[in-house]
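If you want the building blocks of each chain, they are given just below.
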Amino acid sequence: MLKRWMENLRKPRGFTGRMLLAGMNVGHSGLSRWGLRHLAIGPPDHILDIGCGGGKNVARMLKLAGKGKVCGLDYSEVSVKKTTGLNRKAVRAGRSEIRLGSVSENPWPDNTFDTVTAFETVYFWPDFASDIREVRRVLKPGGIFFICNEMGKPEEGEAPYQYWIKTLGLTTYTASDFQKLLTEAEFIDVKIISGKKSRVCVSAQAKK
Ligand SMILES: C[S@@+](CC[C@H](N)C(=O)[O-])C[C@H]1O[C@@H](n2cnc3c(N)ncnc32)[C@H](O)[C@@H]1O
């Protein structure tokens, strides 16, 4: 039971996956609202949310983006269906497009987005150093990559949520890990904001 639940956090599937996505849309609200306060979204922006899960963050950003477009990417069919359903009006109006695919092989062309977001998902990415190069490829020069995590890793000492990190096999990153990896992937102006407990959001600009 616990194993099925854990696998579904990594890649939602079937009935359990649908239940978890509905739960995450509610349970991650506080983190998302906190994170979005640190991200400037303008009305004409073209945004991609990677690991869009249940689609609530796509819905939130559609409200902030005015006439802009907010797309979603997820490698789980259940997540793509749920996000599409939740944002069906915007999808029909051409203001949103939700695609099935991996962060490692992003299906959009080079220089497409002003902003790429990743809420509670980078823990699962198979090769962060290479996957963020794929993020930079789809960002326009000067575009913003924004990460928002409940579970950051302290520079020293043990992280909160150790049980979950170990049980779920999550990869977590310190502020200096993010600085180093993002700089190596040709991002500049890396900003790290810490919140309560081990909350962290990171924003970095794609080099022009
Ligand atoms: C814990 S959920 C977070 C969902 C949503 N972002 C939120 O904050 O509620 C992680 C999501 O990332 C997706 N994901 C994980 N690894 C991925 C990868 N390599 N490529 C695309 N999506 C991925 C999962 O399918 C899942 O929908």
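Note that the coordinates shown come from a computational prediction; the quantities given were computed from them, not determined experimentally.

What counts, and at which threshold
Residues numbered from 1 in each chain as written. Predicted model: local features only at pLDDT ≥ 70, side-chain atom pairs only at ≥ 80, totals over all residues. Pairing = 2+ DSSP bridges. Helix = DSSP H or I, 4+ residues; strand = E, 2+ residues; numbered from the N terminus. Axes fitted to C-alpha atoms, helices over the stretch in contact; angles between N-to-C directions. Contact = placed C-beta atoms within 7 Å. Parallel < 35°, antiparallel > 145°, perpendicular 65-115°, else oblique. Left-handed = near helix turned anticlockwise from the far one by under 90°. Nonpolar A, V, L, I, M, F, W, Y, C, P; charged D, E, K, R; others polar. Buried ≥ 20, exposed ≤ 12 C-beta atoms within 10 Å, placed from the backbone. Right-handed = clockwise from strand over helix to strand, strands pointing away. Core = buried A, V, L, I, M, F, W, Y, C linked by C-beta atoms within 7 Å.

Asker: Can you tell me about the sheet that holds strand β3 (residues 98–100), naming the residues and giving the values?
Answerer: Taken together, 7 strands build an open sheet; the order of strands is β3-β2-β1-β4-β5-β7-β6 and the sheet is mixed. The open sheet has two edge strands, β3 and β6 (187–194), and neither has a second partner. In this sheet, neighbouring strand axes are inclined to one another by 15° on average, regardless of whether the strands run parallel or antiparallel. Against the sheet, helix α3 (residues 29–36) contacts β4 (113–119), β5 (139–149) and β7 (200–206), and its axis sits at roughly 140° relative to β5. Sheet strands touched by helix α7 (residues 128–138): β1 (46–50), β4, β5, β6 and β7. Its angle to β5, the strand with the most contacts, is close to 135°.

Asker: Any details on the packing of α7 against helix α9 (residues 175–184)? Residues and values, ideally.
Answerer: The contact between α7 and α9 brings their axes to 9 Å, and the two run at 55°. As far as their axial angle goes, α9 and α7 are oblique. Crossing handedness for the pair α7 and α9: right-handed. Listed contacts from α9 to F128, A129 and I132 of α7 are L181, L182 and E184. Grouping the constituent residues of the contact of α7 with α9 by class yields 5 nonpolar, no polar and 1 charged.

Asker: How would you explain the pairing of β5 if you had to name every residue and give the values?
Answerer: In terms of burial, β5 is a largely internal element, 8 of the 11 residues being buried. Where the polypeptide runs from β4 across α7 and back to β5, its parallel neighbour, the crossover connection is right-handed. For β5 and β7, the ladder comprises 6 bridges, and the chain directions are antiparallel. Bridging across to β7, C148 finds its partner in C201.

Asker: Just give me the short version of the pairing of strand β2 (residues 69–74), but keep the residues and values in it.
Answerer: Counting buried positions over the 6 residues of β2 gives 6, a clear majority of the element. Neither face of β2 is left uncovered, since the one carrying K69, C71 and L73 and the one carrying V70, G72 and D74 both have all their residues buried. With helix α4 (residues 56–64) bridging β1 and the parallel β2, this β-α-β connection has right-handed handedness.

Asker: Just give me the short version of the nonpolar core, but keep the residues and values in it.
Answerer: Among the nonpolar cores identified, the biggest contains 43 residues, and I47, L48, V116 and F145 are the most heavily contacted of them. Contributing elements (two or more residues each) for this core: β1, α4, β2, β4, α7, β5, α9 and β7. Looking at which element gives the most residues to this core, the answer is β5, with 6 residues. Residues in contact with L48, not counting those within four places in the same chain, are C71, L73, W108, F113, V116 and V138.

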